[in-house]
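# Architecture at a glance
Here is how the chains run, residue by residue.
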Amino acid sequence: MRLTLHQTHLALDRGSVVAIPTETVYGLAARIDRPGAIDEIYTLKKRPRANPLIVHVATFEQILSFLDPDFQQMQALELLCARFWPGPLTVILPVKPQKLSRGIRAELPTAGFRIPAHPIAQKLLGSTGPLVAPSANLSGSPSATRAEHVENDFGRQFPVLDGGPCNGGIESTILKWQKGRWAILRPGSILPKAVQMALADGGIGQEVITATSIDPSPGSQFRHYAPRAALCFDLSKITGSVAILGFDDRQYKRCDRLFSLGSTNQPTVASRRLYAALRELDICGVNRAFVDLDLPDEGLWVCIKERLLRAGGQI
Ligand code: TXA
Ligand code: MG
């Protein structure tokens with residue numbers, strides 16, 4: 001069921017959960033002061049309670065109101081805010097525990113914050129105040145980048161604020177200050193180099209590490225982004241004609257059906273199409289698909305490959 005902006009605001013105030021658009025993926029939103037709705041998010045998504053939710057806000061000042069006053073990295077945080085917000089960056093910060101319920105934080109002393117860039121999300125957050133919003137998909141399934149993806153997972157009657165297809169298509173980069181340095185816990189379209197440059201431009205010359213395997217975020221221990229179809233990554237093992245998740249500008253000898261991520265020159269298009277293509281495999285009843293991962297080990301491709309390998313249960 002599609003809601004208007006006004007209806008969405010009213011529904012959230014009443015303590016309902018509503019799917020909302022962001023520039024990365026759709027989120028399953030609830031007001032932070034509606035414990036029933038927060039509980040419902042976990043139930044709806046079948047999400048393990050040990051996997052905390054991130055908080056979406058309209059302004060940096062709102063984030064400051066949650067922040068532990070002893071946090072030492074204020075200068076860096078301000079630089080990150082100026083460079084990347086609004087946008088697809090989530091920063092994990094230590095919080096005043098009384099300001100955010102344990103349900104949101106999964107009992108952790110920290111919480112993730114993000115100022116989304118989608119104009120409709122901005123408008124909504126400007127009037128509702130902070131909203132928690134995990135990705136609007138069943139836990140483990142591919143994220144939702146269109147209103148109809150949300151309806152596929154939660155039913156046609158589920159309330160959705162339709163903001164059109166998400167422009168980014170991949171969840172936000174997650175960044176955390178830990179053990180004396182900034183670490184990326186989940187790769188996204190904001191690359192480690194860009195974070196490092198933003199800090200360096202402000203006089204903070206620090207290496208930004210990728211910590212996904214050393215010190216992962218709580219969510220990364222659970223299966224992610226997976227379609228029902230089995231994904232195979234070794235194209236040399238193809239026998240007979242098969243479904244291939246690949247690219248228009250590549251030739252595949254035994255391709256029965258191509259699920260296209262666009263061209264190998266356009267990583268932004270591939271990221272925008274990624275979850276729709278994974279979902280399409282299931283809609284078309286494909287049991288097994290081969291995935292073309294022969295892509296550069298740089299930039300946004302690294303992130304796309306990470307999502308595909310996770311979708312195939314390889315990491
Ligand atoms: O782009 C996005 O980030 C989307 C849109 C809707 O904003 N949201 C999203 O939320 O991807 P979710 O819940 O699907 O993923 C958030 C990730 C989870 O893996 C969770 O474990 C991690 O953030 N996370 C949340 N709070 C954390 C914390 N305090 N410490 C470490 N990781 C945290
Ligand atoms: Mg998710």
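We now turn to the structure provided with this report. (Residues numbered from 1 in each chain as written. Chains lettered and ligands numbered in written order. Predicted model: local features only at pLDDT ≥ 70, side-chain atom pairs only at ≥ 80, totals over all residues. Heavy atoms only, no water.)

## Regarding helix α7 (residues 147–154)
- Judged by how many residues are buried, α7 sits mostly within the fold: six of eight residues are covered.
- Among all positions in α7, only Ala147, His149, Val150, Glu151, Asp153 and Phe154 are buried.
- Next to the buried residues of α7 lie β1 (2–3), β2 (18–20), β3 (27–31), α2 (35–45), β8 (160–161) and α9 (267–283).
- In the stretch just after α7, Gly155 is the one whose phi turns positive, near 100°. (Buried < 20%, exposed > 50% of the residue type's maximum accessible area, 1.4 Å probe, protein only. Helix = DSSP H or I, 4+ residues; strand = E, 2+ residues; numbered from the N terminus. Contact = heavy atoms within 4.5 Å.)

## Some remarks on the packing of aromatic side chains
- Tallying each qualifying case throughout the model produces six aromatic pairs.
- Here Tyr225 and Tyr275 contribute two aromatic rings whose centre-to-centre distance is 5.6 Å and whose plane-to-plane angle is 35°, an arrangement assigned as tilted. Here Tyr275 lies in helix α9 and Tyr225 lies in the loop between β11 (209–210) and β12 (230–232), a separation of 50 residues in the sequence. Of the two residues examined, Tyr225 and Tyr275, each falls in the buried class. (Phe/Tyr/Trp six-rings, centres within 6.5 Å; stacked < 30°, edge-to-face > 60°.)

## Remarks on the pairing of β3
- Among the five residues in β3, five count as buried, and that is most of the element.
- Burial of β3 is two-sided: the residues Gly27, Ala29 and Arg31 facing one way and the residues Leu28 and Ala30 facing the other way are all buried.
- Where β2 and β3 come together, three bridges link them in antiparallel fashion. Following the sheet pairing, Ala19 is matched in β3 by Leu28.
- Connecting β2 to the next strand, β3, in antiparallel fashion are six residues.
- Where β3 meets strand β7 (residues 131–132), two bridges bridge the pair, whose relative direction is antiparallel. Pairing of Arg31 across the sheet is with Leu131, part of β7. (Pairing = 2+ DSSP bridges.)

## Here's the deal with the nonpolar core
- Core analysis: the biggest nonpolar cluster contains 50 residues, and Phe113, Val150, Trp182 and Val195 have the highest contact counts within it.
- Among the elements that make up this core, the one with the highest residue count is helix α4 (residues 74–84) (five residues).
- When neighbours within four sequence positions are excluded, Phe113 is seen to be in contact with Val55, Ile63, Phe66, Trp85, Leu89, Thr90, Val91, Leu93, Val95 and Leu100.
- By size, the runner-up hydrophobic cluster in this structure holds 34 residues, among which are Tyr252, Leu261, Leu281 and Leu293. (Core = buried A, V, L, I, M, F, W, Y, C linked by side-chain atoms within 4.5 Å.)

## Remarks on helix α1 (residues 5–13)
- Residues of α1 that are buried include every one of Thr8, His9, Ala11 and Leu12, and no others. Across the axial projection of α1, the buried residues extend over an arc of 165°, all falling on one side.
- Where α1 is buried, its residues touch β1, β2, β3, α6 (119–128), β7 and β8.
- Where α1 ends, the next residue or the one after it, Gly15, has phi of about 95°, a positive value. (Arc of directions from axis to C-beta.)

## Some remarks on the pairing of strand β9 (residues 173–178)
- Summarising the sheet, strand β5 (residues 89–94) and β9 pair through four bridges and their orientation is parallel. Pairing of Val91 across the sheet is with Leu175, part of β9.
- Two successive antiparallel strands, β9 and strand β10 (residues 181–186), enclose a turn made up of two residues, where Lys179 displays a positive phi of approximately 50°.

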